[in-house]
Structure formats: structure tokens, C-alpha cells
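Chains, contacts and geometry: an overview
Residues per chain are reported as follows:
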Amino acid sequence: MAENEEINTETLQSSFPAGRVKRIMKLDTEINKVNSDALFVISNATDLFLKFLTEKSSEVAIEKKRKTIKLEHLRMAVNRHRPTADFLLDSLPMPPPVQISSKKTDRSHKSDEKKKNSVPAGTRGIDSFFKKCE
């Protein structure tokens, strides 16, 4: 039976950089060393989870007859899947409140609003973590 089995010599690679995943894992103070097998499993589990979230968010966007997945679609997809909602819903940024704006001709006021709304809440800290070291 062992003779009939073909050995797959293909190397499996994760779609995430191993060094960054390892650094994120080591943010937990209880983790001192990260085994390469554990790193591989975590990377692939993350990849599968993100594919799942993307598929569910895409379904919501299609239901809403949209071509672009937005934060509201992601929140609805997470909310529909109870196990995911239990740990992820609180971490997602809240959608910006809908404001009925009066028409003003002051362009500087509009540019100030764009600057405020250009960066979603909660992204500043994690963006600095993922910057490339030079």
C-alpha cells in the first residue's frame, strides 16, 4: 500500500509573511518560541478565516446589489455567523454616523471633514506595526 502512494514533494507556502506572523504571535507574553509547524498552521488558519469572511461579506454585498464590499457588509456578515460575531464584532470599527449636511460653499471646511474621515477608527496603531523596516 505504501508503494502505491505518491509522495507529494511540493512545498506548501503561506500567503502571509512568516516573520510578521511570528512577531504577532510573540506579542502574547506567554509565547516564548514559535515552532515552524505552529507558524504554518496559524498562517493557513488565518488565510482560511479571511477567505471565509470575504466570501460571506461578498454575499452580503451582492444581496445589497453592490460591487464593492464595505464595512457595513463585513459587519453584517460577521453578525450573521454567531461564532465569529462572539469574538470579532466588538473589534470591528463602528460605521461612521450618517449626517445630513447642509450645503456650504466653504471649501476649507470640506477638506477638514475629509481629513477627519479618511482614516477609520482603530487603524493607527496597527498600521505602524505592519510598516516595513528600513
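Data block above holds the structure.
All of the points below concern the structure found in this document. All figures in this text were calculated on a predicted structure; none of them were measured in a lab. (Residues numbered from 1 in each chain as written. Predicted model: local features only at pLDDT ≥ 70, side-chain atom pairs only at ≥ 80, totals over all residues. Heavy atoms only, no water.)

**Some points on the environment of lysine 22**
By secondary structure assignment, the location of lysine 22 is in helix α1 (residues 18–25). For the pair lysine 22 and lysine 33, spaced 11 residues apart in sequence, the C-alpha separation works out to 9.0 Å. Here lysine 22 is in contact with Val34 and Leu39, once residues within four sequence places are set aside. (Helix = DSSP H or I, 4+ residues; strand = E, 2+ residues; numbered from the N terminus. Contact = heavy atoms within 4.5 Å.)

**Regarding the layout of surface pockets**
Taken as a whole, the largest pocket encloses approximately 320 Å³ of empty space. Considering the residues around the largest pocket, the lining is formed by 12 residues, among which Phe16, Val21, Ile24, Thr46 and Leu50 are closest to the centre. Taken together, the elements giving at least two residues each to the lining of the largest pocket come down to α1 and α2 (36–63). Take the lining of the largest pocket: its biggest share by element is 5 residues, from α2. (1 Å grid on protein atoms, 1.4 Å probe; cavity = no way out; pocket = protein on both sides within 12 Å on 5 of 7 lines; lining within 4 Å. Points joined across faces, edges and corners; volume = space filled by probe spheres on them.)

**Some thoughts on helix α3 (residues 71–80)**
Residues three or four positions apart in an α-helix share a direction because the helix packs 3.6 residues into each turn. For α3, the set of buried residues is His73, Arg75, Ala77 and Val78. Looking at the buried side of α3, the elements it contacts are α2 and α4 (82–88). (Buried < 20%, exposed > 50% of the residue type's maximum accessible area, 1.4 Å probe, protein only.)

**Digging into unusual backbone geometry**
The backbone of lysine 65 sits at a positive phi, close to 60°, despite the residue not being glycine. Relative to the helices and strands, lysine 65 is located in the loop between α2 and α3.

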